[in-house]
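Inside the fold
Chain residues, written in single-letter form:
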Amino acid sequence: MTGQARTLVVEDDAVVATVHRGFVESHPRFVVVGEARTGADALRLASALRPDLVLLDLHLPDIGGLDVLQRLRMLPGPPVDVVATTAVRELDSVRQAMAGGVVAYLVKPFTSAALRARLDEVWQRREDVRRAQDTLDQDEVDQLLAGPRAADRVPKGLSGRSRELVREALARLCGAVVPGAGSGSGPGAGSGSVGASASRDASAAEVAEVVGMSRVSARRYLEHLVAEGYAQVTPRYGATGRPENRYRPA
């Protein structure tokens with residue numbers, strides 16, 4: 001997948017739609033190509049614009065969001081990813097949305113960081129599908145069905161929170177910002193901004209200093225991020241001929 005994921009925002013409240021548009025466009029890999037206030041407009045724009053992603057409010061003035069979801073699935077072409085963005089909390093509605101194939105369900109009001117985290121997952125899932133072979137073995141099928149959150153589970157001995165701190169520290173050092181960062185404490189917290197693609201790289205020692213952990217531990221987390229596809233590693237050879245691994249966000 002190249003470029004940005006084209007996103008349609010379906011929301012009957014114009015003020016909320018503007019907020020959600022801003023949330024989406026704060027992510028460097030997504031762009032809003034249209035807004036719809038009604039279910040009929042959502043289906044018309046989805047057919048005309050062929051978005052990659054629809055943010056779908058389930059409470060619409062004409063056609064119920066769940067009906068819109070079903071009709072989206074009937075449109076020709078590749079299936080669109082749908083994230084439900086709604087105040088609807090009833091179990092039956094959530095189950096119907098899941099059965100309709102939503103990739104995420106966000107209950108209003110939600111934060112920019114919460115949506116960016118889901119957008120990260122949408123992007124990673126689309127990348128996984130793009131990279132997949134035409135014929136899959138059982139492990140590959142299981143991985144696609146499990147989705148990005150399964151891949152985010154850290155190996156034994158590593159901490160999920162420390163993993164995120166290392167990821168955010170690497171982004172800061174390299175002149176980028178991790179989408180979804182800024183909601184907690186530690187490096188990069190509270191910034192809420194989005195930087196350009198990484199223009200520099202960093203060593204495990206530099207990351208360790210920012211996070212406050214040992215170089216060995218930082219290297220383990222960085223190698224895990226490389227294995228997940230969130231970071232890239234390049235050996236750099238110095239005067240002694242011994243390479244130093246340098247890392248940057250993927």
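Structure first, text after, so check above.
If you're wondering where the values come from, they're calculated on a predicted model, not measured in any experiment. (Residues numbered from 1 in each chain as written. Predicted model: local features only at pLDDT ≥ 70, side-chain atom pairs only at ≥ 80, totals over all residues. Heavy atoms only, no water.)

All right, on to the pairing of strand S5 (residues 104-107) then. As judged from the four bridges shared by strand S4 (residues 81-86) and S5, these two strands associate in the parallel manner. Across the sheet, Thr85 pairs through a bridge with Leu106, a residue of S5. This β-α-β element, S4 to helix H4 (residues 91-99) to S5, shows right-handed connectivity. (Pairing = 2+ DSSP bridges. Helix = DSSP H or I, 4+ residues; strand = E, 2+ residues; numbered from the N terminus. Right-handed = clockwise from strand over helix to strand, strands pointing away.)

Core analysis: the biggest nonpolar cluster contains 23 residues, and Val10, Val54, Leu56, Val68, Leu72 and Val82 have the highest contact counts within it. Of all elements in the fold, only strand S1 (5-10), helix H2 (39-49), strand S3 (53-56), helix H3 (65-72) and S4 reach the threshold of two or more residues within this core. With near-sequence residues (within four places) excluded, Val10 lies in contact with Ala36, Thr38, Ala42, Val54, Leu55, Leu56, Asp57 and Leu60. Of all hydrophobic cores here, the second largest spans 19 residues; its members include Val166, Ala169, Leu170 and Ala218. (Core = buried A, V, L, I, M, F, W, Y, C linked by side-chain atoms within 4.5 Å. Buried < 20%, exposed > 50% of the residue type's maximum accessible area, 1.4 Å probe, protein only. Contact = heavy atoms within 4.5 Å.)

This paragraph deals with the pattern of salt bridges. Applying the stated criterion across every chain yields a total of 14 salt bridges. In this structure, Glu25 and Arg21 form a salt bridge, with 3.5 Å as the shortest nitrogen-oxygen distance. A residue pair is termed a helical-turn pair when its members lie 3 or 4 positions apart in one helix, as Glu25 and Arg21 do in helix H1 (residues 14-25) at four residues. Overall, the relative accessible area of 27% leaves Arg21 in the partly exposed class. For Asp120, the salt bridge identified is with Arg167, shortest N-O distance 4.0 Å. With Asp120 in helix H5 (residues 112-131) and Arg167 in helix H8 (residues 160-173), this residue pair connects regions lying 47 residues apart in the sequence. With a relative accessible area of 13%, Asp120 lands in the buried category. Relative accessible area serves as the criterion here: at 13%, Arg167 is assigned to the buried category. (Salt bridge = Lys/Arg side-chain N within 4 Å of Asp/Glu carboxyl O.)

Note on placement: Arg50 falls in the loop between H2 and S3. In the structure, Arg50 is positioned 43 residues away from Thr7 in sequence and 9.1 Å away in space, judged by C-alpha atoms. Residues in contact with Arg50, not counting those within four places in the same chain, are Arg6, Leu45, Leu75, Pro76, Gly77 and Pro78. At a separation of 2.4 Å, a polar atom in the side chain of Arg50 contacts the main-chain carbonyl oxygen of Pro76. (Polar contact = N/O pair within 3.5 Å; in protein donor to acceptor, adjacent residues only side chain to side chain.)

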